[in-house]
Amino acid sequence: MHAAVVTRFGGPGVFELKELPDPVPGPGEVAIDVSHAAVGLVDAFIRQGQYKSRPGLPQPPYVPGLEVAGTVRALGEGVEGLRVGEPVVTLSATGADGGYASVTVVDAVFAVSLEGSGVDPALAAAAVPNAATAHLALTGVAHLEPGERVLVHGALGGLASAFPGVARVLGASGVVGTVRRPSLAAARASALPYDDIVVAEDLVEAVGDQRFDVAVDPVGGRLRTDTLAVMAPLGRILLVGNASGDWEHTVQTNALWGANLALLGFSVGFYLPAHPEQAAPAARAALEAIGRGLVDIRTETLPLAEAAEAHRRIESGQVGGRIVLAP
Ligand SMILES: NC(=O)c1ccc[n+]([C@@H]2O[C@H](COP(=O)([O-])OP(=O)(O)OC[C@H]3O[C@@H](n4cnc5c(N)ncnc54)[C@H](OP(=O)(O)O)[C@@H]3O)[C@@H](O)[C@H]2O)c1
């Protein structure tokens with residue numbers, strides 16, 4: 001198989017395209033002929049070595065990539081409910097690296113059938129795993145209730161893009177996004193179901209007297225603290241990432257009790273392997289939101305050989321949607 005290999009921790013230049021033996025599925029696993037592998041900022045953080053001491057994450061040399069679409073190539077012993085040739089997409093789970101390749105093997109519980117869904121495989125790789133993440137986080141962690149209002153930072157980013165549609169399906173009464181650049185704020189024309197998109201730097205003035213019950217924060221840094229000022233009483237701030245790269249920022253916990261707020265964290269990669277029974281319902285919710293046209297994430301497809309370029313672009317924070325690699 002062809003694979004884009006991270007040969008050591010470092011910049012995007014550490015990628016090498018290699019021919020490797022085709023992986024074979026073990027018991028409970030499925031091999032997939034990959035048509036599209038989504039690129040996430042977390043792939044760049046792992047490649048940089050940001051999480052090098054965190055157990056469960058891959059060490060070089062390794063093939064990155066958690067989220068792929070393709071067709072079932074072979075079934076491991078004991079796998080039921082999937083057939084060879086069936087179109088599938090995978091959910092994100094820690095340890096499930098190996099996606100930037102023409103063939104990958106995953107735990108069958110994280111392979112979701114796309115049969116009859118009508119979802120294009122590039123959009124499936126880009127949207128299904130993140131929409132499943134959004135469903136798990138909004139229901140099981142932030143406990144979003146119908147009629148509540150949601151704020152989403154980095155609104156057009158890969159993970160963030162999945163939240164407005166899933167929040168709508170769950171009955172959110174309003175969803176506002178933030179972006180860094182005013183030119184992107186003009187992207188209200190975005191196909192995503194935001195009521196408004198405002199410039200993050202001006203958050204407090206831009207939202208006026210609107211208050212939010214749930215804020216989704218994959219960005220971090222100063223914006224995380226600014227968010228405290230725009231939350232409704234008993235508001236929940238859901239921390240799901242740190243795209244700002246500001247690893248030193250801290251939030252004053254005394255600000256939380258004074259304003260009746262909760263800070264919550266969620267990481268799908270570490271959650272799903274411990275709760276595999278939640279994969280199928282989360283995938284169904286994701287496909288429902290996508291099927292209703294609510295997670296129409298802009299995707300751009302690059303050849304696998306351009307994995308390094310894909311990482312340069314995602315690190316620059318300029319993607320505004322998702323890059324998917326085609327092996
Ligand atoms: N918790 C989970 O289960 C989970 C799952 C997937 C990803 N993540 C995490 O979520 C975060 C976002 O990942 P992603 O794949 O969605 O990334 P992405 O597609 O690059 O989106 C990140 C967004 O953050 C905004 N941003 C603000 N400041 C930034 C900065 N200094 N540099 C880059 N972007 C900045 C950008 O939007 P504007 O330029 O418009 O502001 C960008 O669109 C990462 O920390 C990742 O590890 C977590």
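Everything below is about the structure shown above.
Residues numbered from 1 in each chain as written. Predicted model: local features only at pLDDT ≥ 70, side-chain atom pairs only at ≥ 80, totals over all residues. Heavy atoms only, no water.

This model, assessed by the stated rule, comprises five aromatic pairs. With a centroid separation of 6.1 Å and 20 degrees between ring planes, the pair formed by Phe-15 and Tyr-100 is classed as stacked. Here the residue Phe-15 occupies a position in strand 2 (residues 15–19), and Tyr-100 occupies one in the loop between strand 5 (87–90) and strand 6 (103–107), the gap between them amounting to 85 residues. Like Tyr-100, Phe-15 is buried. Ring geometry for Phe-45 and Tyr-51: centres 6.4 Å apart, planes at 85 degrees, overall edge-to-face. By relative accessible area, Tyr-51 is classed as partly exposed at 23%. Feature note: the residues Phe-45, Tyr-51 and Trp-247 constitute an aromatic cluster, connected by ring pairs. For Arg-54, the ring lying beneath its charged end belongs to Phe-270, and the centroid distance is 3.9 Å. (Phe/Tyr/Trp six-rings, centres within 6.5 Å; stacked < 30°, edge-to-face > 60°. Helix = DSSP H or I, 4+ residues; strand = E, 2+ residues; numbered from the N terminus. Buried < 20%, exposed > 50% of the residue type's maximum accessible area, 1.4 Å probe, protein only. Lys NZ or Arg CZ within 6 Å of the ring centre and 35° of its normal.)

Here the focus is the site of the ligand. Taken together, 25 residues sit near the ligand, with Gly-158, Leu-159, Val-240, Phe-266 and Val-268 positioned nearest. At 3.2 Å, a backbone N or O of Ala-243 approaches a nitrogen atom of the ligand. Within the contact set of the ligand, an oxygen atom lies 2.7 Å away from a backbone nitrogen or oxygen of Val-268. It is helix 1 (residues 41–48) that provides the largest number of residues to the shell around the ligand, a total of three residues. Considered class by class, the residues forming the shell around the ligand number 13 nonpolar, 10 polar and two charged. (Near = heavy atom within 4 Å. Polar contact = N/O pair within 3.5 Å; in protein donor to acceptor, adjacent residues only side chain to side chain. Nonpolar A, V, L, I, M, F, W, Y, C, P; charged D, E, K, R; others polar.)

The next thing to look at is the pattern of salt bridges. Evaluation of the coordinates by the stated rule reveals 14 salt bridges. Between Arg-292 and Glu-288 there is a salt bridge, and its shortest N-O distance comes to 3.0 Å. Overall, the relative accessible area of 40% leaves Glu-288 in the partly exposed class. Here Arg-312 ties to Glu-309 by a salt bridge, and the two come within 3.7 Å at their closest N and O atoms. In this pair, Arg-312 and Glu-309 are both assigned in helix 10 (residues 307–315), three residues apart and thus about one turn of the helix distant. Accessibility expressed as a relative area gives 44% for Arg-312, which makes it partly exposed. A residue is classified by how much of its surface remains accessible, and Glu-309, at 28% relative accessible area, is partly exposed. Each member of the salt-bridge network shares a partner with another, and the members are Glu-300, Glu-309, Arg-312 and Arg-313. (Salt bridge = Lys/Arg side-chain N within 4 Å of Asp/Glu carboxyl O.)

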